[in-house]
Amino acid sequence: MTNAMRPLGRRGLEQGQVLKKLFYVVVALVVLISAAAALLFNAPPVQDALAKRVATALLGRGAEPVDGLRVVVCGSASPLGG
């Protein structure tokens, strides 16, 4: 009988115990990764690097061509809405 086909004995872990341990390991990894991300994103050097990357991505696209005049007027609707 191979190891894959051998039934779990008294010393082996039951399927429920294995799933419970796997669940605890996954929860612990999620907590650790979340804590590390929170610490990194709150560190000023990391924030500076992220801001620089976002700014270069947004500014690197270039300006849109001007196709006429655009006017935005705020508060121009009637007081009753309409």
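Residues numbered from 1 in each chain as written. Predicted model: local features only at pLDDT ≥ 70, side-chain atom pairs only at ≥ 80, totals over all residues. Heavy atoms only, no water.

Scanning all chains against the criterion turns up one aromatic pair. Between Phe23 and Tyr24 the ring centres are 5.9 Å apart and the planes differ by 55°, which places this aromatic pair in the tilted class. You'll find Phe23 and Tyr24 in the same group, each marked exposed. (Phe/Tyr/Trp six-rings, centres within 6.5 Å; stacked < 30°, edge-to-face > 60°. Buried < 20%, exposed > 50% of the residue type's maximum accessible area, 1.4 Å probe, protein only.)

Below, the discussion takes up a nonpolar patch on the surface. Together, Leu19, Leu22, Val26 and Val30 make up an exposed nonpolar region whose accessible area comes to about 350 Å². Tracing the sequence through the fold places Leu22 in helix H1 (residues 15-41). (Patch = residues over 30% accessible without salt bridge, like charges linked within 9 Å, V, L, I, M, F, W, Y side chains within 5 Å. Areas by Shrake-Rupley, 256 points an atom, 1.4 Å probe, with all protein chains shown as cover. Salt bridge = Lys/Arg side-chain N within 4 Å of Asp/Glu carboxyl O. Helix = DSSP H or I, 4+ residues; strand = E, 2+ residues; numbered from the N terminus.)

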